[in-house]
Amino acid sequence: MTTANNSTTPETAGGSKASLQPIKSEENHFGVLQLIVGTVKIIFGMLFGLVFLVIFLLVTITGIGPLIEYCQSKRDEKEALNHDVILQAHPEMFLLDVPGDINKASGGMAYRVMVRLTKPTSDYDTNNANNLPPVIFPGGLASNLMTMSRHQDELTKQHGFTVVNFDRLGVGLSDPYPSSFNKQPPSAADVAREMNFVMSHCESVLQTKNKWICVGGSMGANVATAFMTLYPNRIGGFFNLDGLPHAFLQIQCKKFLKDGQMIMNMMRRLRWTGLPRLAFRLALQSTLPVMGDAFTTRQLIGVMCRDQFFVATGLEYTTLMSCCDLECAAWGKQATTECNDESLRLLA
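Scope of this entry: the structure provided in the associated data block.

**Here we look at helix H7 (residues 219-230)**
In an α-helix there are 3.6 residues to a turn, and that puts residues three or four apart on one side.
Here is step 1 of the chain: Over its 12 residues, H7 runs 17 Å from end to end, which matches the ideal 16 Å to within 8%, given 1.5 Å per residue.
Here is step 2 of the chain: With 10 of 12 residues buried, H7 is to be regarded as a mostly interior element.
Here is step 3 of the chain: Those residues of H7 lying buried are Met-219, Gly-220, Ala-221, Asn-222, Val-223, Ala-224, Thr-225, Ala-226, Phe-227 and Met-228.
Here is step 4 of the chain: Tucked inside the fold, the buried residues of H7 contact helix H6 (188-206), strand S5 (212-217), strand S6 (235-241) and helix H12 (307-331).

**Here we look at the packing of aromatic side chains**
Here is step 1 of the chain: On inspection of all chains with the given rule, the structure shows four aromatic pairs.
Here is step 2 of the chain: With a centroid separation of 4.9 Å and 25 degrees between ring planes, the pair formed by Phe-227 and Tyr-231 is classed as stacked.
Here is step 3 of the chain: Note on Tyr-231: relative accessible area 21%, which makes it partly exposed.
Here is step 4 of the chain: With a centroid separation of 6.2 Å and 20 degrees between ring planes, the pair formed by Phe-280 and Phe-310 is classed as stacked. Pair noted here: Phe-280 is in helix H10 (residues 275-284) and Phe-310 is in helix H12, with a separation of 30 residues, a long-range link.
Here is step 5 of the chain: Among the aromatic side chains, those forming a connected cluster through ring pairs are Phe-280, Phe-309 and Phe-310.

**Topic: the environment of His-83**
Here is step 1 of the chain: By the element assignment, His-83 lies in helix H3 (residues 83-89).
Here is step 2 of the chain: For the pair formed by His-83 and Leu-173, sequence separation is 90 residues and the distance between their alpha carbons is 7.8 Å.
Here is step 3 of the chain: Not counting residues within four places of it along the chain, the set of residues in contact with His-83 comprises Leu-95, Arg-112, Met-114, Leu-173 and Asp-175.
Here is step 4 of the chain: Within the local environment of His-83, its side chain forms a polar contact with the backbone oxygen of Leu-173, the two atoms lying 2.7 Å apart.

**Re a nonpolar patch on the surface**
Here is step 1 of the chain: A surface patch of nonpolar side chains, amounting to about 550 Å² of accessible area, comprises Val-32, Ile-36, Val-40, Ile-43, Phe-44 and Leu-47.
Here is step 2 of the chain: You can see Leu-47 is positioned in helix H1 (residues 2-61).

**A look at the state of the cysteines**
Here is step 1 of the chain: For the coordinates displayed, the defined rule picks out zero disulfides.
Here is step 2 of the chain: Cysteine Cys-323 remains unbridged, with the sulfur of Cys-324 as its closest cysteine sulfur at 6.9 Å.

**What about the nonpolar core?**
Here is step 1 of the chain: In this structure, Val-115, Ile-136, Val-164, Met-195, Val-198 and Phe-280 are the most contacted members of the largest nonpolar core, which totals 62 residues.
Here is step 2 of the chain: Counting residues per element, this core draws most heavily on H12, which supplies nine residues.
Here is step 3 of the chain: Not counting the four nearest positions on each side in its chain, Val-115 is found in contact with Glu-92, Met-93, Phe-94, Leu-96, Val-164, Asn-165, Phe-166, Val-198 and Cys-202.
Here is step 4 of the chain: Phe-137, Met-148, Phe-161 and Ile-213 belong to the second largest nonpolar core, which has seven residues in total.

**Considering the packing of H7 against H12**
Here is step 1 of the chain: Contact pair H7 / H12: the axes reach a minimum separation of 8 Å and the direction vectors enclose 45 degrees. The orientation of H7 relative to H12 falls into the category oblique. For the element pair H7 and H12, the recorded crossing hand is left-handed. Residue-level contacts link Met-219, Asn-222, Val-223, Thr-225, Ala-226, Met-228, Thr-229 and Leu-230 of H7 to Glu-316, Thr-319, Leu-320, Cys-323, Cys-324, Leu-326, Glu-327, Ala-330 and Trp-331 of H12.

**Notes on the pairing of S6**
Here is step 1 of the chain: Relative to S6, S5 runs parallel, the two being bridged by six bridges. Bridged to Gly-217 within S6 is Leu-241.

**Observations regarding the pattern of salt bridges**
Two side chains with opposite charge may pair up if their charged atoms get near one another.
Here is step 1 of the chain: A complete count under the given rule lists 13 salt bridges for this structure.
Here is step 2 of the chain: Two residues, Arg-112 and Asp-175, come together in a salt bridge whose shortest N-O distance is 3.3 Å. Within this pair, whereas Arg-112 is found in strand S2 (residues 111-118), its partner Asp-175 is found in the loop between strand S4 (163-166) and H6, the two being separated by 63 residues in sequence.
Here is step 3 of the chain: Classification of Arg-112 as partly exposed rests on a relative accessible area of 31%.
Here is step 4 of the chain: On the basis of relative accessibility, which here comes to 15%, the residue Asp-175 falls in the buried class.
Here is step 5 of the chain: One salt bridge connects Glu-316 with Arg-168, and the closest N-O pair in it is separated by 2.8 Å. Taken together, the residues span a long stretch of sequence, with Glu-316 in helix H12 and Arg-168 in the loop between S4 and H6 at a distance of 148 residues.
Here is step 6 of the chain: On the basis of relative accessibility, which here comes to 4%, the residue Arg-168 falls in the buried class.

Reading guide: rules and limits
Residues numbered from 1 in each chain as written. Predicted model: local features only at pLDDT ≥ 70, side-chain atom pairs only at ≥ 80, totals over all residues. Heavy atoms only, no water. Helix = DSSP H or I, 4+ residues; strand = E, 2+ residues; numbered from the N terminus. Expected span 1.5 Å × (residues − 1). Buried < 20%, exposed > 50% of the residue type's maximum accessible area, 1.4 Å probe, protein only. Contact = heavy atoms within 4.5 Å. Phe/Tyr/Trp six-rings, centres within 6.5 Å; stacked < 30°, edge-to-face > 60°. Polar contact = N/O pair within 3.5 Å; in protein donor to acceptor, adjacent residues only side chain to side chain. Patch = residues over 30% accessible without salt bridge, like charges linked within 9 Å, V, L, I, M, F, W, Y side chains within 5 Å. Areas by Shrake-Rupley, 256 points an atom, 1.4 Å probe, with all protein chains shown as cover. Salt bridge = Lys/Arg side-chain N within 4 Å of Asp/Glu carboxyl O. Disulfide = S-S within 2.5 Å. Core = buried A, V, L, I, M, F, W, Y, C linked by side-chain atoms within 4.5 Å. Axes fitted to C-alpha atoms, helices over the stretch in contact; angles between N-to-C directions. Parallel < 35°, antiparallel > 145°, perpendicular 65-115°, else oblique. Left-handed = near helix turned anticlockwise from the far one by under 90°. Pairing = 2+ DSSP bridges.

Honestly, it's all geometry; don't read function into it.
Dropping the structure here:
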């Protein structure tokens with residue numbers, strides 16, 4: 001028996017080793033692949049850093065970048081981002097006074113949000129609109145009402161919907177955070193109350209009590225689901241346009257927050273050089289035509305080059321996580337997009 005056991009053990013061990021060979025081989029290949037990818041990332045990182053350093057020195061030492069940024073900023077204030085100029089060119093837009101207790105991030109001070117309300121103009125579309133639910137667009141991260149203007153105009157002009165789009169406190173064309181702001185980011189409840197206030201005001205203008213259709217893009221989808229958690233009877237339909245799965249954000253939470261806020265702080269410090277304006281123009285060059293023609297390129301770029309943009313975007317990374325936590329607490333896995341566990345791990 002002892003001999004038999006001794007003779008069997010090496011075979012089993014050998015067999016086990018043989019069966020593990022492909023796994024070790026795959027692990028080795030994966031390790032080599034990781035090494036190659038890591039090396040490539042380091043090389044590209046060094047090249048990017050070198051190029052950035054050259055451009056930075058060129059625009060700052062010569063003074064070209066700061067001079068252009070100063071002139072462009074002054075022109076933005078007088079023309080592109082002047083509330084009076086914008087409201088005169090867009091009669092469908094208005095500034096709405098919001099009480100200070102709606103969004104606690106206002107520090108208890110009243111503020112104004114910019115709202116764009118588009119309604120059908122023809123008699124047929126007007127009559128048809130009475131039977132259609134109104135649509136609202138909660139904005140995405142680093143987005144504003146101009147970003148979704150093309151979608152808004154198409155829904156109104158081509159399909160007869162009444163559509164509301166607005167900028168949250170500190171975002172886009174709305175008032176910036178007050179100087180006494182304690183840097184406490186808006187919570188999911190804050191942005192939901194603010195959105196409900198805007199909807200209630202528009203209902204009084206439209207004289208309707210229909211349930212709304214909510215169209216959320218990117219972070220707007222997470223704001224929408226957080227809103228539906230707190231106001232479930234206000235929404236009759238919801239479209240998720242590329243909203244981030246909560247599981248992804250949960251896995252990458254700390255890194256996501258840290259990296260996002262670090263980038264915004266860095267770009268805010270570099271704003272005087274004119275480099276953020278150049279970066280935005282290059283990054284948005286291919287997408288500007290997709291945003292429609294309701295607003296000018298100067299307005300779309302200018303609103304992203306103000307100090308207000310970097311402050312609000314940095315804070316809204318935390319707001320996004322708050323919305324995700326609220327929706328996940330309410331619905332669990334149903335709050336995420338339809339991804340299986342393996343896909344979520346790959347995505348993360």
